[in-house]
Structures are given as C-alpha cells and as structure tokens.
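Results of the structural survey
In case you want the letters, here they are:
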Amino acid sequence: MKTVFKSALGLVLTLGLVTGHAQKKKELPVLHSNVETITYVLNNTDRNPGWRISPDLKPDRLEVECKQKVMKVAFVTDVDSVSFQVKAGDTLQFYVLQKGREKALTEIVGTPKNVNFTKKYIKAHKGKSTVEIPEVHELANVLVALSTVGQQDSNMVDMTTPYYKEVMAYFAPYKNHPIMQVVNRHITKPFDNDSYWYYYALKMNACAYVFDKKGHIRNEGIIRKMGFNNQADPMAANLALVEDFARKSNFRAFYQKHQPYYGSLLQTYRSLNPMEQMQTWLEAKFPTKYGSYRVTFSPLVGGAHSTQRFEDNGFGQTVMFVCRAEPVAQYNAKVNEMLASRVVFTEIDHNFVNPMSDTYIRQINEVFSDREKWAAEGNGTSAYGSPYTVFNEYMTWAVYSLYCLDTFSAEDNATFLPLMERQMEKGRSFIKFGAFNQKLLALYKENPSRSIEDLYTQMLAWSKTQ
C-alpha cells in the first residue's frame, strides 16, 4: 500500500500544495481521473477509497474534521493527485475531471473536532455494549416511513409490522408538512444510491440529537456528526422544520406511549445478540481493539444497515445502525441467534476487516478489478462501486462464517450457512460468495490458529484464479 500511495503523491508536485482560509477561485487546481471512484487520504495514513466523483452536486463537498490545528488532505486517482493543508473554518475548492465527463467542482470544508469523549463518558462506557432506540433517531425514521419512497422501499422501511401501520395512521395528517417536502426532494427512488446516501445521513446523524427540557432538539455534542463524511447533516440543515413536525404531530407523546413495545424489542435484541461474545472473538482474531459498542435500531428499519467508528482521548467506540431482531418459528434457538447476530456482526466486523484491507489495497484493486465477476447489477450492489468495497463485503460476511464455526454446532452450521450463502448470491447479487466462503472455511478448518494476515493472503491468491 505504501509504495502505491507514495508514487501517487509524487504527482502532487505538478499541482502543488493548496493552503489558506479564503482560497481564490481563479485557476482552481484540476485533478484528473480515468475512474469514477477515487480515494482521499487524511494525514497520509487514513485512507478512504470510496469517494465517488459527482459533477451534478456543484459542489461535491467533503467535510474534514480538524482533530489537530492543520490537517493534510490528499485526493488520489489512478493517474493523478492533489494535496491540501486544511484548518477548521477553511473552505478549499478544486475540480475533478473524470475522462469523458464534465468537471466536478469539489469542496473541502474544515470542521471543528467532532468527537468529545470525556473521562466521565469513557468511564461509563469502557468495555460495555449498549442497545438503544433513540428518540430523535425514531423521529427521523418516521419521516422516512412517511415519504413517498419510504412507502415503496422495503429495504429502508419494514412495512410488515402492526407498529408500522400505527405510525402511518398516526402521522398521515402530517405527510404534507414542509419537512416532508425536503425528504421527498432528496429520497427520490427506491434502491437509488443518492437517495440512500441521504437516508443514511438523516437517520445516522439524528442519533447525535436529543430533546432538551423545553422540548427543543439540540445536538448532544458527544459525537456531533455521526453520519458518513461525504454527506452533510440533514438534521442540522433542517432543525427548525424537524422540530416543528415533532411539535405539531405530538411525536413525543407517540414515542412515550410505545415505550413498552420498544422495551420488548430491546430485550429480544439482547437475547439474540451476545455482543460481548462477538467482541471477544473479533479482538482475538484481529489486531484492532475498540472500547465500546453501541447498537442503534428502529422498528421501522428494513434491511439498510451501516456502521461508523469514532475515537477520542484514547478511547474508541463503534456504532452500528441496524434493524430489529426477531426469532423465526421454524428454527431452533441457536439458528435464530445465528440469523440475528449476522446482521450486527457484519456491521461490527467492517471495523475490523476494513483496516486490515487497507494494508492489502494494491492486491485487492488488482484481484477484484473485474467487478462483474463478483457482483451482478441489482439488489443494491451499485453501492459497492470499487474493488475495495466489493471485497470487504465478501470478507465481512465470510468472517462471520468463521465465528459461527467456532461458536455453534456442526448441525446448526449446516442449517445456517447455506441460508447465508444463498442470501448473498441470490438476494444481494454477490455472485461468487458461496465459493469464496467455502474456501475461507476450508483454510480455517485446516488451521484455526492461522493468522488473519495469512487468511487474507491465501484468499486473495485464490480469488486471483477465479
């Protein structure tokens, strides 16, 4: 990885280092690319390979958290790179020119420190896992459920429950509220990439907000922005409208009335998802360690899951945004645990797999460059646009198979693993997952003490032959 990165940064000399608070728009730098998905790197070490060039956004904005006085931000393509020095309050612009397309005006905004883990917070959360249905997060999911696309997209919204019917009946009189016009303007089509980016930004960032004693919605300030870096915070942009919707619909009374229901969901979730057991297994296999795990869900979420990790003051916290857990009558207790735990495990282990994949980025880009071999179009696979993201999705699910092998009986594995492989291949269109998973399982069975680095090397070598 280091060799590739250094050669790419060598190209910075042709564009120079861009600094300053008020960058002049005259002669903006132009970054050239032959591919749509490129990488940005923070302080030479934090690589983020999933940046998609978007000329239509005008500007395409990246917010950079300034954890120190000056942050170095580099954008790297297959043929070019450019580097910036960014401070909190800076707004710096440049163009990205993908071959055959119009220039994309791209903007870097330096923001204040995002995460504030105090000694008191660390003491309260270190070594602990929490499961929650936060109030403002539930409000954000109500907005999605009421939206035009929310009533069509079963991955965003679970429409199968009595609770969903209650939500739709109770909030129907407010479906034309101005905040709904905003949501409908941004969530425009089912299984649409841009719509999903907004959806994730809305519900994930909502977890940073609480109702204060006067009923106003405010940012709690512990983690100020919980969504992905490539999207702005819709809550911050529309706070007055969201607050007005909550007040006029009497959302807080609805939320309080359903506390017994939420409590039952939390109890079921904890019974089917032994978080500490998963954490212990992952931390024994990977070099990465986290101090706390936080699971956030809504009974309205379908299958759209995500995760983020945050660090400050020597403490790391991983947050998973998932759906509720529910036992399936036809399976025994252990298979139900496997079915439920898979959802959160494959979000948790992104925080272990992704950092490991960063050290194999050159091999991954080479081996998974022919995306059609690994992912058919449809069922949301367009969200995995780079070799890195495709490989990580294969690996996170396959690593769960290893956890199952170590944790459950051969009989229960024989029931569950084919279900998971079929879901990945038929349900999610990752068409070689079954073969990939069986190869990883075979390697692991040969030697369960084999290092994760060795498994990566072996799996990339095998994948190259496919």
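About the cut-offs
Residues numbered from 1 in each chain as written. Predicted model: local features only at pLDDT ≥ 70, side-chain atom pairs only at ≥ 80, totals over all residues. Heavy atoms only, no water. Helix = DSSP H or I, 4+ residues; strand = E, 2+ residues; numbered from the N terminus. Contact = heavy atoms within 4.5 Å. Areas by Shrake-Rupley, 256 points an atom, 1.4 Å probe, with all protein chains shown as cover. Lys, Arg positive; Asp, Glu negative; His and termini not counted. Charge placed at Lys NZ, Arg CZ, Asp CG, Glu CD. Buried < 20%, exposed > 50% of the residue type's maximum accessible area, 1.4 Å probe, protein only. Salt bridge = Lys/Arg side-chain N within 4 Å of Asp/Glu carboxyl O. Pairing = 2+ DSSP bridges. Axes fitted to C-alpha atoms, helices over the stretch in contact; angles between N-to-C directions. Phe/Tyr/Trp six-rings, centres within 6.5 Å; stacked < 30°, edge-to-face > 60°. Lys NZ or Arg CZ within 6 Å of the ring centre and 35° of its normal. Expected span 1.5 Å × (residues − 1). Parallel < 35°, antiparallel > 145°, perpendicular 65-115°, else oblique. Left-handed = near helix turned anticlockwise from the far one by under 90°. Nonpolar A, V, L, I, M, F, W, Y, C, P; charged D, E, K, R; others polar.

A separate point is the overall build of the chain. Along its length, the chain carries 19 helices and 15 strands. Seen along its three principal axes, the alpha-carbon backbone of the chain occupies a region of about 60 × 60 × 45 Å. A fraction of 72% describes how many contacts in the chain between residues 6 or more apart in sequence connect residues 24 or more apart. Summed over its atoms, the accessible surface of the chain is roughly 20,600 Å², and 51% of this surface lies on carbon and sulfur atoms. Side chains of the chain carry 55 positive and 47 negative charges; the gap between the two charge centres is 5 Å.

Tracing the sequence through the fold places F228 in the loop between β12 (217-219) and α8 (234-237). Given a relative accessible area of 22%, F228 falls into the partly exposed group.

Let us look at unusual backbone geometry. The step from K58 to P59 runs through a cis peptide bond, and the omega angle for that step is 5 degrees. Positionally, P59 belongs in the loop between β4 (46-52) and β5 (60-65). The phi angle at N43 is positive, at roughly 50 degrees, despite the residue not being glycine. Residue placement: N43 occurs in the loop between β3 (37-42) and β4. On the accessibility criterion, N43 (24% relative accessible area) is partly exposed. For F191, which is not glycine, the phi dihedral falls at a positive 55 degrees.

A separate point is the pattern of salt bridges. All chains considered together, the criterion is met by 18 salt bridges. The salt bridge partner of E366 is K464, with a shortest N-O separation of 3.2 Å. Of this pair, E366 sits in helix α15 (residues 361-367) while K464 sits in helix α19 (residues 452-464), placing them 98 residues apart in sequence. E366 sits in the partly exposed class, given a relative accessible area of 40%. In this structure K464 comes out as exposed when scored by relative accessible area, which is 56%. Taken together, the salt bridges that share partners define one network made up of E36, R52, R101 and D194.

As a further point, take the sheet that holds strand β14 (residues 306-312). Note: strands within a sheet are paired through backbone hydrogen bonds, in either parallel or antiparallel orientation. In spatial order, the strands read β10-β13-β15-β14; together these 4 strands make up an open sheet with mixed pairing. Across the chains shown, the open sheet's two edge strands, defined by having one partner strand only, are β10 (128-132) and β14. For this sheet, the mean inter-axis angle between neighbouring strands, taken without regard to orientation, is 15 degrees. The pairing of strand β13 (residues 292-297) with strand β15 (residues 315-322) spans 6 bridges and is classified as parallel. When the sheet's bridge partners are listed, V295 is paired in β15 with M320. Relative to the sheet, helix α14 (residues 350-358) contacts β13, β14 and β15, its axis offset from that of β14 by approximately 75 degrees.

Where two aromatic rings form a pair, the distance of their centres and the angle of their planes describe that pair. Going through the model one piece at a time under the given rule, you end up with 49 aromatic pairs. When the ring of Y174 is compared with that of F245, the centres are 6.2 Å apart and the planes differ by 75 degrees; the resulting orientation is edge-to-face. In this pair, Y174 sits in the loop between α5 (162-171) and α6 (178-186) while F245 sits in helix α9 (residues 239-249), placing the two residues 71 residues apart along the sequence. Residue Y174 is classed as partly exposed on the basis of its relative accessible area of 25%. Clustering of aromatic rings is evident, with ring pairs tying together Y163, Y170, F171, Y174, F211, F245, F251, F254, Y255, Y261 and Y262. Positioned above the aromatic ring of Y95 is the side chain of K103, whose terminal nitrogen or guanidinium carbon lies 4.3 Å from the ring centre.

Next up on the list: the sheet that holds strand β8 (residues 91-98). Pairing in this open sheet of 4 strands is mixed, and the strands run β2-β8-β9-β5 from one edge to the other. What marks the edges here is a single partner per strand, and that holds for β2 (30-33) and β5. In this sheet, adjacent strand axes meet at a mean angle of 30 degrees when their direction is disregarded. Strand direction decides the pairing type here: β8 and strand β9 (residues 104-111), joined by 6 bridges, are antiparallel. Paired with Q93 across the bridge in β9 is E107.

Given a rise of 1.5 Å per residue, 16 residues ought to cover 22 Å, and the 22 Å separating the end C-alpha atoms of helix α13 (residues 333-348) matches this to within 8%. Among the 16 residues of α13, 13 are classified as buried, and the element is accordingly described as predominantly covered.

Moving on to the packing of α14 against α19. Where α14 meets α19, the closest approach of the two axes is 11 Å, and the angle between their N-to-C directions is 65 degrees. By the angle class used here, α14 and α19 are roughly perpendicular. For α14 against α19, the interelement crossing comes out right-handed. Between α14 and α19, the residues in contact are V353, M356 and S357 and I452, E453 and Y456, respectively. The class makeup of the residues in the contact of α14 with α19 is 4 nonpolar, 1 polar and 1 charged.

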